[in-house]
Amino acid sequence: HDALPICIALAALLMALLYLVLNLSFATAYWLDEGGISNARAGSFMDAFFFSVQTLATIGYGSMAPHGVMANLLVTAEAMVGFAYYGLMTGLIVVISGAYQGAVANDGVMIASKAFESVAPWFSIMLAVNVFVFAYSTTIGWSYYGEIAWSYLFGRKWLKLYYMLFCTATFLGG
């Protein structure tokens, strides 16, 4: 295990380089599709690059959004590449660290935490915060979309019933 930190450091460097190459590649495609990103400055490669970073990370957009068929096809492809990138990189770290050995299949977060902790001892805290923020933001998002759908189907006068059902389901699901 003496070589483990070197292997993980090399993997981290390769991940960072791949991340940069992916974003530069998609940014170039967005940049070539003039007008494909609404609210981007005309001809701005930097806007295209940061739009790519937001898409690859699947974090959503601020004021910029895809506009037109080509940009939407690129966003679709880049989001799929992003999912694969993060899944493969996490799997790579898990395999290199050996954190999966002796683990139970449904211990996903614990396996990832153990794997990344082999490089940075504080990672388990960061992962816990990230999992909490992801769960919280997902709950808020689903609450909003559920409210919109409920209002469309049953009208706004029945929203209190939806809130009670949503809170009950969230409590029972937790």
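See the structure above.
Just so you know, these numbers come straight off a predicted model, no measurement behind them.

For the pair helix α3 (residues 69-97) and helix α4 (residues 108-117), the least separation of the axes is 9 Å and the interaxial angle reads 65°. It follows from the interaxial angle that α3 and α4 lie roughly perpendicular. α4 is crossed by α3, and the crossing has left-handed handedness. Touching T90, I93, V94 and S97 of α3 are I111, A112, A115 and F116, all from α4. Considered class by class, the residues forming the contact of α3 with α4 number 6 nonpolar, 2 polar and no charged.

Before going further, it helps to spend a moment on the packing of aromatic side chains. Enumeration over the complete set of coordinates arrives at 12 aromatic pairs. A centroid spacing of 6.0 Å and a plane angle of 10° characterise the contact between F132 and Y136, whose relative ring orientation is stacked. Taken together, the residues span about one helical turn, with F132 and Y136 both in helix α5 (residues 123-154) at a distance of 4 residues. Judged by its relative accessible area of 55%, F132 is exposed. Here the aromatic rings of Y144 and Y145 are separated by 5.3 Å at their centres, their planes lie at 65°, and the arrangement is edge-to-face. Residue Y144 is classed as partly exposed on the basis of its relative accessible area of 48%. Judged by relative accessible area, Y145 falls into the exposed class, the value being 58%. Among the aromatic residues, those joined into a ring-pair cluster are W150, F154, Y162, Y163 and F166.

For A27, the position within the fold is in helix α1 (residues 4-32). What makes A27 buried here is its relative accessible area of 0%. Between the C-alpha atom of A27 and that of F49, which follows or precedes it by 22 residues, the distance is 4.6 Å. Excluding its chain neighbours within four sequence positions, the residues that come into contact with A27 are F45, A48, F49 and S52.

We now examine helix α6 (residues 159-173). A rise of 1.5 Å per residue sets the reference length of α6, with its 15 residues, at 21 Å; its end C-alpha atoms lie 20 Å apart and thus fit the reference within 8%. Within α6, the full set of buried residues consists of L159, Y162 and F166. For α6, the angular spread of the buried residues around the axis is 50°, confining them to a single face. Turned more than 90 degrees off the buried face of α6, the exposed positions are K160, M164, C167, F171 and L172. Residues of α6 that are buried make contact with α5.

Quick look at the pattern of salt bridges now. Close approach of charged atoms allows side chains with opposite charge to pair. What the rule picks out here adds up to 2 salt bridges. With a closest N to O distance of 2.9 Å, D47 and R41 form a salt bridge. A salt bridge links E147 to R156, with the shortest nitrogen-to-oxygen separation between them at 4.0 Å.

Cut-offs used in this document
- Residues numbered from 1 in each chain as written.
- Predicted model: local features only at pLDDT ≥ 70, side-chain atom pairs only at ≥ 80, totals over all residues.
- Heavy atoms only, no water.
- Axes fitted to C-alpha atoms, helices over the stretch in contact; angles between N-to-C directions.
- Helix = DSSP H or I, 4+ residues; strand = E, 2+ residues; numbered from the N terminus.
- Parallel < 35°, antiparallel > 145°, perpendicular 65-115°, else oblique.
- Left-handed = near helix turned anticlockwise from the far one by under 90°.
- Contact = heavy atoms within 4.5 Å.
- Nonpolar A, V, L, I, M, F, W, Y, C, P; charged D, E, K, R; others polar.
- Phe/Tyr/Trp six-rings, centres within 6.5 Å; stacked < 30°, edge-to-face > 60°.
- Buried < 20%, exposed > 50% of the residue type's maximum accessible area, 1.4 Å probe, protein only.
- Expected span 1.5 Å × (residues − 1).
- Arc of directions from axis to C-beta.
- Salt bridge = Lys/Arg side-chain N within 4 Å of Asp/Glu carboxyl O.

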